[in-house]
Amino acid sequence: MIRQAKAKTPRRPPKKPSSNQKDPVGVYCRVRPLGEGDEECCIEVISSSTIQLHAPEGFKTNRNGENKETQYSFKKVLGVSISQIELFDNVAKPLVDDLVHGKNGLLFTYGVTGSGKTFTMTGSPGQGGLLPRSLDMIFNSIGPYQAKRYVFKTDDKNGMEVQSEVDALLERQRRDNNLSTPKPVPKTPSSRQKLDPEIADMIKPEEAYKTEGVDEDSCFSIFVSYIEIYNNYIYDLLEETQDDAIKPKWNGGGTPVRQNTEFIPPQSRILREDQNHNMYVAGCMEVEVKSPEEAFQVFWRGQKKRKVANTCLNRESSRSHSVFIIKLAQAPLDADGDTILQDKNTVTVSQLCLVDLAGSERTGRTGAEGTRVREAGNINQSLLNLRTCIEILRENQMCGTNRMVPYRDSKVTHLFKNYFDGEGKVRMVVCVNPKADDYEETLLVMRFAEMTQEVEVARPVDRPICGFTPGRRHRNAAFKDELSRRLEERGGRTDQDLPYPISSLQSLPPLPSCELTDPFDEITLPRLIEALQNRNRIRQMMIDEYNQTADTMKNALRELDNNLMNNDHFMHEQNGKLVEKDKIIQNNKAEIERLEKKTKMQEHKIDILQKTTKIYEDDKRSLKHELETREQRLHRELSEKRRMEQRMQGVVTDTQMKWEKECDRRVNAKQLEMQNKLWVKDEKLKQLKAIVTDSKVSSRPEPSPRQTQPHHQSQPDLQPTPQRPSREERLPAKRSASPSPLPTTTPVRPLHRRSRSAGGEKWVDHKPSSNLDLGTVLQPVIHNSIQVSTPSEKALSKCDRYMLTHQEVASDGEIQTKLIKGEVIKTRGGGQSVQFTDIETLRQQLTSVPRRKRKSSEGKPTNGDGSDGAWTDVETRCSVATENRAGSSMGPSYEHNLINKRRKP
């Protein structure tokens, strides 16, 4: 069986950046008034863009003991006296203008719990917040240009479709007659319907705003949706039935659906990405609204379902992040300016997200337990993920890195990732409470706000301009009004489908009676002929008048068209000039931005160069100091090298003389050995010659050399035979080819030392300055000695013996003195080492005075591991040899050779 290859999903083209120009995130600060029970204030508004934080009493201070004061700057600081309308004018009004002109926007409130975020977003009766004022401004701007209900229809992929008026009418009738499922959309509240008193009179009539420059040749429609992010799950607040996210689900038998877990994960909405790479909540209900009262009524219905709880810091603390999405769909009219274009590609959808973030809190202050602890942990974790994303964005933009931003770690950041990637303006309102208890958390909020201001978001591009002639709606309305006026002047319009001449025949004079009673009647026919001629003349006059009116109308229309064409040409020329001016402005802005970036880069490079110069100067000073130290060390090494060369030159000379004598001795020994060998050979040859000569004279055998030797010696005329040297005389002494090297670690004793009985030894009397005078009679007195408090190389080189006077506390509590003696031995390296050989103890005892009680600290090691006590032991210190190197100008050095002491025999 052959498996078919799986078809790969086609890869979508990468999303192009919205614009090359970038704007920083606008951060505003709003200070809440101080509560009645709070007396100490830790926030002071210095200017319209700067606030200062004062550390409250009892808070941690600086090293100097002064209270720490920090200042933070924002785009604008809104103090206690700022009203809701002033806040809206500064923060949300530009976002609403962009929404009407087809651009997206994101506005969220951030701060500690109880700092006034919900009041800033929603408000109260008579003091409407950012959300109701934004809705009121949107409907005031697009009210005359709204499309009928259900002309715009949402699809399931975050898009909009346009229906014909007939389909929209059928759907309205179906919804009104309840032919389909129960409608979740409430009817538009009329003037007779009474609003909820909690949301009534949010905005005063004199506080209404309106957007300028609305496209009159387009139709608009508003859709709203309301969701909350609770424990990192997304829920639709406009859904009719919503299960509790905390309670477990039970089946009909009264048992849990799953027995292996206590709670089932709540069913929530999921996030998806549309074809334009924008994130949206799948399956979220979007309600079409036609008035600000209806929109706010929908919002308030979802607000009542939002998760709130009572804590120690806030009576109604938000336990979730709420997101109210206002989606504006707009499509252009056709060329006649009468109906909406049915092309889906011409529909522009822009949205404004108003986010009320839950406040960060500490469970220790809120007194949360159980479910509240879990909610607080999820809230703090989502806010931490938001801070992490902002920090990485800032690092990528300022340092040029390309780190991945972890948007997917939290639903909040994942939902709004498109805004930070350049899909609209981003603004944040930081709400702070000036009371002293929130000082620490307010510091964290200020640091996050200060970091957020440094993040830049790409500026969104403008909506594409439709190719139709502008002013179509106005011309169509004017034409209809003029046509109605003309028809009213003609006596009214009975049937719009009939042409004007046919409908006007009713005004002709009636025909006379045409009955003929006599064949010779000459009156009826001429009267009828005259009446018909009169009617024909009147009809011809009406036709001429109609043609004249039609020609006049055609001429007026031609003139109007010519004027319009001239205006179009003029507008086209002006638009061309504006485009050229815009290009020049854009080029100038680009040049200014490039110069600003270059200036920032140069400033950054100057800072780097200054820091580098400072580092180089520090390195220069350290290297100079190190060079001076090395030069001193080099001088010392050179002097030590010269001394060593002199010493080695003497050693080489001695060794050379020694080896010359050794070579002469070996040569003499070798000559003597060779002479002995030659003498033995000569003797053997002489004996052999004598044997051969005697064998020729006499045939008798000659006696052996051993037997004849005395005979030859007794003959006086023969020369005496030289005696062979003994074995000890012949063999030379065995010597090695080269002297064996002595170990460098063992001290070399001098070959010749003076006898100790001669009394010529010289001592180094080492008495530390910390010794106490005990007043005892037994005091060591050394006549031929050098008394020092610290041993030096010079003193050790002049002496043969060494004595150290040491005092310590004995086991009975009395101070005893020990005399540690040793011998000074020269080492192979040219220094001196001390080898301890004897210890003498001097102790004073009193019989009349009772024994002193030993302190608890005596007899115990100083450190917990006993390392200090081991070194204070006399035997341990006596087993350590001290070596002073020759040529050292920095004082004596010590080497612990761990040589065991000699015990006294």
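Residues numbered from 1 in each chain as written. Predicted model: local features only at pLDDT ≥ 70, side-chain atom pairs only at ≥ 80, totals over all residues. Heavy atoms only, no water.

### With respect to the overall build of the protein chain
Looking only at helices and strands, the protein chain features 19 helices and 28 strands. Evaluated residue by residue, the protein chain yields a buried proportion of 33% over its 905 residues. For the protein chain, contacts bridging at least 24 residues in sequence account for 70% of all contacts bridging at least 6. A total of about 59,700 Å² of accessible surface is found on the protein chain, and carbon and sulfur atoms cover 51% of it. (Helix = DSSP H or I, 4+ residues; strand = E, 2+ residues; numbered from the N terminus. Buried < 20%, exposed > 50% of the residue type's maximum accessible area, 1.4 Å probe, protein only. Contact = heavy atoms within 4.5 Å. Areas by Shrake-Rupley, 256 points an atom, 1.4 Å probe, with all protein chains shown as cover.)

### So, the environment of Val-298
As for its position among the elements, Val-298 is in helix α6 (residues 292-303). C-alpha of Val-298 to C-alpha of Leu-238: the two residues are 60 residues apart in sequence and 7.6 Å apart in space.

### What to know about the pairing of strand β25 (residues 801-809)
Where a strand is regular, its side chains alternate between the two sheet faces. For β25, the tally of buried residues reaches seven of nine residues, placing the bulk of the element in the interior. Bridge count between strand β23 (residues 763-766) and β25: four bridges; the pairing is parallel. When the sheet's bridge partners are listed, Asp-765 is paired in β25 with Met-803. For β25 and strand β26 (residues 815-826), the ladder comprises nine bridges, and the chain directions are antiparallel. Residue pairing in the sheet places Tyr-802 in a bridge with Gly-822 of β26. (Pairing = 2+ DSSP bridges.)

### Some words on the side chain of Lys-818
Structurally, Lys-818 is set in strand β26. Judged by its relative accessible area of 14%, Lys-818 is buried. A distance of 3.2 Å separates polar atoms of two side chains, one belonging to Lys-818 and the other to Glu-808. (Polar contact = N/O pair within 3.5 Å; in protein donor to acceptor, adjacent residues only side chain to side chain.)

### Side note on the sheet that holds strand β4 (residues 50-54)
The antiparallel open sheet is built from three strands, whose spatial order is β3-β4-β5. What marks the edges here is a single partner per strand, and that holds for β3 (43-45) and β5 (69-73). Taking each pair of neighbouring strands and ignoring which way they run, the sheet shows an average axis angle of 25°. Pairing geometry for β3 and β4, over three bridges, is antiparallel. The residue of β4 that forms the bridge with Val-45 is Ile-51. Contacts from helix α11 (residues 439-452) reach β3, β4 and β5 within the one sheet, and its direction differs from that of β4 by about 150°. (Axes fitted to C-alpha atoms, helices over the stretch in contact; angles between N-to-C directions.)

### Re unusual backbone geometry
With phi around 65°, Asn-232 is a residue other than glycine that occupies positive phi space. Tracing the sequence through the fold places Asn-232 in the loop between β12 (218-230) and β13 (233-236). Positive phi values are uncommon outside glycine, yet His-277 reaches one of about 65°. Considering the arrangement of structural elements, one finds His-277 in the loop between β14 (271-273) and β15 (279-281). Given the relative accessible area of 17%, His-277 is considered buried.

### Looking at helix α5 (residues 165-176)
Taking 1.5 Å of rise per residue, twelve residues should cover 16 Å, and α5 covers 16 Å from first to last C-alpha, within 8% of that figure. Within α5, the full set of buried residues consists of Ala-168, Glu-171 and Arg-172. End-on view of α5: buried residues confined to an arc of 105°, all on one side of the axis. At its buried positions, α5 is contacted by β10 (152-154). (Expected span 1.5 Å × (residues − 1). Arc of directions from axis to C-beta.)

### Regarding helix α2 (residues 93-100)
Burial within α2 is extensive, with seven of its eight residues counted as buried. Of all the positions in α2, only Lys-93, Leu-95, Val-96, Asp-97, Asp-98, Leu-99 and Val-100 are classed as buried. Of the residues flanking the end of α2, it is Gly-102, one or two places downstream, whose phi is positive at about 90°.

### A closer look at the pairing of β12
The element β12 is largely enclosed, with a buried count of 13 among its 13 residues. Burial along β12 is two-sided: the residues Ser-218, Phe-220, Ile-222, Val-224, Tyr-226, Glu-228 and Tyr-230 and Cys-219, Ser-221, Phe-223, Ser-225, Ile-227 and Ile-229 are all buried. Judged from the twelve bridges that link them, β12 and strand β19 (residues 321-332) form a sheet pairing that is antiparallel. The residue of β19 that forms the bridge with Ser-225 is Ile-325. Relative to β13, β12 is paired through four bridges, and the arrangement is antiparallel. When the bridges of β13 are listed, Tyr-230 appears paired with Tyr-233. Between β12 and β13, which follow one another and run antiparallel, lie two residues, and Asn-231 among them has a positive phi close to 55°.

### What to know about empty space enclosed by the protein
One pass over the structure, following the stated rule, counts seven cavities of 30 Å³ or more. Approximately 80 Å³ is the volume attributed to the largest cavity. For the largest cavity, the full set of lining residues is Leu-106, Phe-108, Val-355, Leu-357, Leu-386, Val-412, Thr-413, Phe-416 and Phe-420. Of the residues that constitute the lining of the largest cavity, the class distribution is eight nonpolar, one polar and no charged. (1 Å grid on protein atoms, 1.4 Å probe; cavity = no way out; pocket = protein on both sides within 12 Å on 5 of 7 lines; lining within 4 Å. Points joined across faces, edges and corners; volume = space filled by probe spheres on them. Nonpolar A, V, L, I, M, F, W, Y, C, P; charged D, E, K, R; others polar.)

### Observations regarding the pattern of salt bridges
For the coordinates displayed, the defined rule picks out 26 salt bridges. Arg-306 serves as the salt-bridge partner of Asp-356, at 3.1 Å between the closest nitrogen and oxygen. Of this pair, Asp-356 sits in strand β20 (residues 348-356) while Arg-306 is found in the loop between α6 and β17 (308-309), placing the two residues 50 residues apart along the sequence. (Salt bridge = Lys/Arg side-chain N within 4 Å of Asp/Glu carboxyl O.)

### Topic: the packing of aromatic side chains
Taken as a whole and judged by the stated rule, the model has ten aromatic pairs. Measuring from ring centre to ring centre gives 5.1 Å for Tyr-226 and Phe-299, while their planes differ by 40°; the resulting arrangement is tilted. Linking Tyr-226 in strand β12 with Phe-299 in helix α6, this pair joins segments that are 73 residues apart in sequence. A residue is classified by how much of its surface remains accessible, and Phe-299, at 2% relative accessible area, is buried. Plain terms: the ring middles of Phe-299 and Phe-324 are 5.3 Å apart, the flat faces sit at 85° to each other, and that makes the pair edge-to-face. Residue Phe-299 is located in helix α6, and its partner Phe-324 is located in strand β19; the two are separated by 25 residues in the primary sequence. The pair formed by Phe-299 and Phe-324 is uniform in burial state, with each residue classed as buried. (Phe/Tyr/Trp six-rings, centres within 6.5 Å; stacked < 30°, edge-to-face > 60°.)

### Let's talk about the packing of helix α8 (residues 371-399) against α11
Direction vectors running N to C along α8 and α11 enclose 35°, while the axes themselves pass 9 Å from each other. Seen along the crossing, α8 lies across α11 with a hand that is left-handed. Contacts between α8 and α11 pair Leu-386, Arg-387, Ile-390, Glu-391 and Arg-394 from the former with Phe-448, Met-451 and Thr-452 from the latter. Looking at the contact of α8 with α11, its residues break down into four nonpolar, one polar and three charged. (Left-handed = near helix turned anticlockwise from the far one by under 90°.)

### Details of the nonpolar core
Ile-51, Phe-74 and Phe-416 are the most contacted members of the largest nonpolar core, which has 56 residues in total. Of all hydrophobic cores here, the second largest spans 42 residues; its members include Val-287, Val-289, Phe-296 and Phe-299. (Core = buried A, V, L, I, M, F, W, Y, C linked by side-chain atoms within 4.5 Å.)

### Side note on the confidence of the model for the protein chain
A residue-level look at the protein chain finds 72% of positions with pLDDT of 70 or above and a mean pLDDT of 76. Within the protein chain, the lowest mean pLDDT, 38, falls on helix α13 (residues 500-503), and the highest, 94, falls on strand β2 (residues 26-31). Ignoring residues within four places in sequence, the model shows residues 1-11, a span with pLDDT below 50, making zero contacts including any to other chains. Throughout residues 701-758 the model reports pLDDT below 50, and contacts reaching past four residues in sequence, or to other chains, amount to 43 contacts. (pLDDT = per-residue confidence, 0-100.)

### What to know about the packing of helix α4 (residues 130-142) against α6
Two packed helices can be described by the angle between their axes and the distance between those axes. Close contact between α4 and α6 brings their axes to 9 Å; oriented N to C, the two are set at 150°. Classified by the angle their axes make, α4 and α6 are roughly antiparallel. Between α4 and α6 lies a crossing of right-handed hand. Contact with α4, carried on its side by Leu-131, Pro-132, Leu-135, Asp-136 and Phe-139, involves Pro-292, Ala-295, Phe-296 and Phe-299 of α6 and no other residues of that element. (Parallel < 35°, antiparallel > 145°, perpendicular 65-115°, else oblique.)

### Focus: a nonpolar patch on the surface
A contiguous nonpolar surface patch, about 410 Å² in accessible area, is contributed by Phe-479, Leu-483, Met-553, Leu-557 and Leu-560. Of all the elements in the fold, those that place two or more residues in the nonpolar patch are α12 (472-489) and α14 (524-697). Ranked by residues supplied to the nonpolar patch, first place goes to α14 with three residues. Positionally, Leu-560 belongs in helix α14. (Patch = residues over 30% accessible without salt bridge, like charges linked within 9 Å, V, L, I, M, F, W, Y side chains within 5 Å.)

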